[in-house]
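Observations on the three-dimensional arrangement
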Amino acid sequence: MKKINNFLLLAILAITFAACNNKKTDSVSDLDKLRNSNNTKSYPAVQMDSMQVINSITQQKVQELLDLSTLYLTGNRNTEIDTAIYSQMESYFHKPDSLTFKKLLRELDSLKVKSVKVNNLNVYKEFYKKDTLDYARFNVEYFDDKKKSLGTFEKNAQYILLLTPSTMQKEFKFYFLDFYSAPLKKDSTSTGVTR
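This structure is a prediction, so every number in the text was calculated from the model and none was measured.

Details of the pairing of strand β1 (residues 115-128)
The sheet contact formed by β1 and strand β2 (residues 131-143) spans 12 bridges and is antiparallel. In the sheet register, Phe127 faces β2, and the bridge partner there is Thr132. With antiparallel pairing between neighbouring strands as the criterion, β1 and β2 make up a hairpin whose turn holds two residues, including Lys129 at a positive phi of roughly 55 degrees.

A look at the sheet that holds β1
One open sheet holds the four strands; their spatial order is β1-β2-β3-β4, and the pairing between them is antiparallel. Taken across any chain shown, the strands that pair with only one partner, and hence form the sheet edges, are β1 and β4 (172-179). Sheet twist, expressed as the mean angle between neighbouring strand axes with direction ignored, is 30 degrees. Here β2 runs beside strand β3 (residues 149-163); their pairing, made up of 10 bridges, is antiparallel. When the sheet's bridge partners are listed, Glu141 is paired in β3 with Thr152. Each of β1, β2, β3 and β4 touches helix α4 (residues 50-74); the most contacted strand, β1, lies at about 130 degrees to it.

Basis of the calculations
- Residues numbered from 1 in each chain as written.
- Predicted model: local features only at pLDDT ≥ 70, side-chain atom pairs only at ≥ 80, totals over all residues.
- Heavy atoms only, no water.
- Pairing = 2+ DSSP bridges.
- Helix = DSSP H or I, 4+ residues; strand = E, 2+ residues; numbered from the N terminus.
- Axes fitted to C-alpha atoms, helices over the stretch in contact; angles between N-to-C directions.
- Contact = heavy atoms within 4.5 Å.

As structure tokens, this is what we get:
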């Protein structure tokens, strides 16, 4: 009887050991999956139309510019790193001048903004005389140094996409023309009583 119990115990252990070995050989480790995979198998391609791409790029550029602005304001504004940050901010604009950041920096500084979150960005076009102007309308939420919300404000920015001289394919460079701008007012005649 003792021999039969030992035999059964040995058989159960052998079956369990064999089952564990089969599981290990059947499954592929995560490292092997990563090593042998490529983007087409792992990640499905997402198709975006041109407006979605422009929306996405514009949101990214607005967020980056605002992040750089808050970073610039936390510095002394007279060191080499501050100069580098400022020149990086200027690179987002087609033709930057001394007034480019004045309104933006004054608003961020007066509210003591330490971080910014861009929400609900939508791009749209306005027609002015014979020109088509590209604008982005978005909400900006400001936060103080304790991550407390200071409020959400609706803002506008005018941008331009310029074709880069590339021989292989069409590529565009994104630039802001005006940031925190008001959309152009259409030419109109005032109504009411005039004397």
